[in-house]
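Fold and contact review
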Amino acid sequence: MTQLLSPLKIRALELKNRLVMSPMCQYSAADGMPGLWHDVHYGARAQGGVGLVMLESTAISPQGRISPSCLGLWSQQHLEAHARLVERLHALGSAAGVQLNHAGRKGSHSAPWQGGAPLAIAQGGWVRTAPSASGPGMDVSPIQALSTQDIAAIVDDFRQAALRAVEAGFDVIELHAAHGYLLHQFLSPLANQRTDAYGGDFDGRARLTLEVAQAVREAIPDAMPLFVRLSCVDSKESNEGWTLEESIALARKLRAIGVDLLDCTSGGISAPPTKREGAFNADLAQAVRTQTGLPTGSVGGIDSLALAESLLSDGACDLIFAGRALLRDPYWLIRQTAPQGAGLVPPQYARAGF
């Protein structure tokens, strides 16, 4: 059996293989609700044998959305809609995860194919919130620095969304502290110019991420895995901003809280997330895993079985997060692992000769 097809147990959850559908925004929700697009999009990857389907960035509040078309989990109605989707993913043989997020200063934008521009209030946008009113991402849409009372409310929003995720039947929760969104904005000195307890040195900048992780860990069952997606560096070209050394220190604290896996990526504060070929974030995942003992996932440019196998065999990571490869082909895992993955082929499709 290939490493990629081997099972992995995390707390009480046993994944049938090591492939995770990486959370990728679809910008196709109405009022935060998953609908037909999400049923087909996620269902196809579950049908294709993916061990864990991780839903895209799902906002903890209306103000936490990236765009008006993003998924949300801030009400009972959202809970019920997500529960129906989770039930379908389970019926198709996949575990289901949800990535909880607050976009911060990167919110209130149109969908990428609509230009991705910031939305004015009159266009259906909203006042964005951030650690500081200045910093990367300044444009015509207003940005408001969060008060300590606002921060406490956001921590509770994460906690409440996590409780809804549990009730909806999700198997895994991931907190989004990467790609320039709110938690990452607090971590990075490029975006956080605060002088209170939530800014300044490492402890201040890490405080919100740790408070959110602690609140969510305490709210969800002990048996439920908790992941964190982290931009382990702000830049792979320089040591400016948030650094790998700080990520390793944060990973140790997250592990002590009860976080089970760090989903390691990069970039997003002053530039788009790093995009290169050939497992370009694997060195980050391996450094965290080696120096902290915390299991890791690697994402970015992993588009072949040989590459995934080498990462798992070399101890770079415990899970493979595949993004663009699974967008291109829902049956990527079956094709890559044939004939070993023949058991993943739906019997209805067996005649297709995967």
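Quantities reported herein were computed from a predicted structural model and do not represent experimental measurements.

This paragraph deals with the nonpolar core. Among the nonpolar cores identified, the biggest contains 85 residues, and Leu100, Ile173 and Leu175 are the most heavily contacted of them. Ignoring any residue separated from it by four or fewer positions in sequence, one finds leucine 175 in contact with Leu100, Phe158, Val212, Ala213, Val216, Leu226, Phe227, Val228 and Arg229. Counting residues in each nonpolar core, the second largest holds 14 residues, with Leu13, Val299, Leu319 and Phe321 among its members.

This part covers unusual backbone geometry. The amide bond that connects alanine 338 to the next residue, proline 339, takes the cis arrangement and shows omega of 0 degrees. In this fold, proline 339 is placed in the segment after α10 (332-337). Backbone geometry at serine 108 places phi at a positive 55 degrees, although glycine is not the residue there. Assignment of secondary structure puts serine 108 in the loop between β6 (95-101) and β7 (128-130). Since its relative accessible area comes to 0%, serine 108 is described here as buried. The phi torsion at alanine 279 lies on the positive side, around 55 degrees, for a residue other than glycine. Tracing the chain through its elements places alanine 279 in the loop between β11 (261-265) and α7 (282-292).

Counting buried residues along strand β10 (residues 226-231), six of its six residues qualify, which places the element largely inside the surrounding structure. For strand β9 (residues 172-177) and β10, the ladder comprises five bridges, and the chain directions are parallel. Note that in β10 the partner of alanine 177 across the bridge is leucine 230. When β10 meets β11, the two strands line up parallel, connected through five bridges. Its bridge partner lying in β11, arginine 229 is registered against aspartate 263. Between the parallel elements β10 and β11, the chain passes through helix α6 (residues 244-257) in a crossover that is right-handed.

So, on to the packing of aromatic side chains. Counted by the stated rule, this structure contains five aromatic pairs. Ring centres of tyrosine 27 and tryptophan 113 lie 6.1 Å apart, and the angle between their planes is 80 degrees; on these two criteria the pair is classed as edge-to-face. Of the two residues, tyrosine 27 is situated in the loop between β3 (19-21) and α1 (36-47) and tryptophan 113 in the loop between β6 and β7; the sequence distance between them amounts to 86 residues. A ring pair is formed by phenylalanine 202 and tryptophan 242, whose centres lie 6.0 Å apart and whose planes are at 20 degrees; its orientation type is stacked. Note that phenylalanine 202 is positioned in helix α5 (residues 202-219) and tryptophan 242 in the loop between β10 and α6, a separation of 40 residues in sequence. Take tryptophan 242: its relative accessible area is 1%, and that puts it in the buried class.

About the criteria used
Residues numbered from 1 in each chain as written. Predicted model: local features only at pLDDT ≥ 70, side-chain atom pairs only at ≥ 80, totals over all residues. Heavy atoms only, no water. Core = buried A, V, L, I, M, F, W, Y, C linked by side-chain atoms within 4.5 Å. Buried < 20%, exposed > 50% of the residue type's maximum accessible area, 1.4 Å probe, protein only. Contact = heavy atoms within 4.5 Å. Helix = DSSP H or I, 4+ residues; strand = E, 2+ residues; numbered from the N terminus. Pairing = 2+ DSSP bridges. Right-handed = clockwise from strand over helix to strand, strands pointing away. Phe/Tyr/Trp six-rings, centres within 6.5 Å; stacked < 30°, edge-to-face > 60°.

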